[in-house]
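Structural description and commentary
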Amino acid sequence: MSFLEILAQPETWQLVGVLCLGIFVQAAAGFAGGLVIVPLLLWAGYSIPEAQTSLLVATIPQNLWGVVSFRDALDSKRLVWPGAARLLFLPLGVLTLQWMESFSMVTLRQIVGVAVLSATLATMLFRPKPRDQVASFWSYLVFPLSGFLQGLVGMGGPPMVLWVQAHDWDTRRMRGFLFSIYLISLAPGIAVLVWFFGSRVIPPALIAAAAIPILLAVTWVGLKVGTALGTQRLRRITMALLLLMGLAGLAAPWLSPA
């Protein structure tokens, strides 16, 4: 099937629609793009590797923009261990995902549902007191875990967000750090997924790349909506959506068609 024929398929625009929703939420609320995109694409019939690859490609412009915008707040020395740890443990997550592909789609939806619920509840309940220094133990735990989860289910962001919130950094430094760490792992993440899962992850990646102009427009709208509604209101709406999706994943045996 040619790329033009792929673009003519209804499933293609379903993928683009889910990516738009996730990128909108990410731009408006400042987090949760992967938590929205991966479970919704599973319900749409895509595999986890396909969902991950399209997600990574879709977030390239947003992360590039973030690094350029906040480059003055970046400390390059702070990026070495987090970036290296994520890259080292990402293939382990992908290897585990390859083993998990023998599971049924219903079971995979449940696993992703547990991941979404865990990340959402941790974000809601964990309120670290910001401080100048955080014990090194946490960085040795957080960034390998983030890399592993990124490779496993495409959701490596929540542990890093919690770690950043434990520091008394201003918003520019926080966002610059997160954008930089995401960007460091994008190309290796895509390469590892292609290496492990072959050509089947390429069509979703190409669709995501072709949709980048639309996603940029969605990002702009999301930023405007986020400013208009306010961070706290959007956070509550986003958390409610994520809890609903997590519960739907757990209930997959009853919600999935026989």
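Conventions we followed
Residue numbers here run from 1 along each chain, matching the order of that chain's written sequence. A pLDDT threshold of at least 70 governs which residues receive local features in this predicted model, and a stricter bar of 80 or more applies before side-chain atom pairs are shown or counted, although totals over entire chains, interfaces and linings include all residues. The basis for every side-chain value is the complete set of heavy atoms in the structure, and neither hydrogens nor water enter the calculation. To qualify as a helix, a DSSP run of H or I must reach at least 4 residues; to qualify as a strand, a run of E must reach at least 2; elements of each kind are numbered from the N terminus. Each residue's exposure class comes from its accessible area (1.4 Å probe, protein chains only) as a fraction of the maximum for that residue type: buried when under 20%, exposed when over 50%, partly exposed otherwise. Within this scheme the basic residues Lys and Arg register as positive and the acidic residues Asp and Glu register as negative, but His and the chain ends are omitted. Each reported salt bridge corresponds to a side-chain nitrogen of Lys or Arg within 4 Å of a carboxyl oxygen of Asp or Glu. What makes two residues a contact is simply this: any of their non-hydrogen atoms within 4.5 Å. A helix is expected to span 1.5 Å multiplied by its residue count minus one. Two axes enter the bend calculation: one fitted to the seven residues ending at the residue in question, the other to the seven starting there, and the bend is the angle between them. N or O atoms closer than or at 3.5 Å make up a polar contact, with two conditions inside protein: a donor-capable atom paired with an acceptor-capable one, and, for residues adjacent in sequence, both atoms drawn from side chains. Angles run from 0 to 180 degrees between N-to-C directions of axes, and those axes are lines fitted to C-alpha atoms, restricted for helices to the stretch in contact. With respect to orientation, any angle under 35 degrees is reported as roughly parallel, any angle over 145 as roughly antiparallel, any angle of 65 to 115 as roughly perpendicular, and every other angle as oblique. All residues other than Ala, Val, Leu, Ile, Met, Phe, Trp, Tyr, Cys, Pro, Asp, Glu, Lys and Arg, Gly among them, are scored as polar; the first ten of these are nonpolar and the last four charged.

Take the side chain of E50 next. Within the element layout of this structure, E50 appears in helix α4 (residues 48–58). Although E50 is buried, it makes no salt bridge; R200 carries the closest opposite charge, 4.7 Å away. Each residue touching E50, except ones within four places of it in the same chain, is listed here: R200, V201 and P204.

On to the pattern of salt bridges. All told, the structure shown has 2 salt bridges when counted by the stated rule. For the salt bridge of D72 with R172, the shortest nitrogen-to-oxygen distance reads 2.6 Å. One end of the pair, D72, is in the loop between α5 (60–69) and α6 (76–100); the other, R172, is in helix α10 (residues 171–197), with 100 residues separating them in the sequence.

Here we come to α10. One turn of an α-helix holds 3.6 residues; hence residues three or four places apart share an orientation. Taking 1.5 Å as the rise per residue, α10 with 27 residues should run 39 Å; its terminal C-alpha atoms sit 37 Å apart, in good agreement. For α10, the principal kink sits at L186 and spans about 35 degrees; a proline, P188, occurs within the next four residues. One side-chain oxygen of the residue at the start of α10 lies 3.2 Å from the amide nitrogen of R172, identifying that residue as D170. Directly beyond the C-terminal end of α10, a positive phi value near 70 degrees is found at G198.

Orientation of helix α8 (residues 136–153) relative to helix α9 (residues 157–165), taken along the N-to-C sense of each, is 155 degrees, at an axis distance of 7 Å. Classified by the angle their axes make, α8 and α9 are roughly antiparallel. Contacts between α8 and α9 pair W138, S139, V142, F143, L145, S146 and L149 from the former with P159, M160 and W163 from the latter. Taken together, the residues of the contact of α8 with α9 sort by class into 8 nonpolar, 2 polar and no charged.

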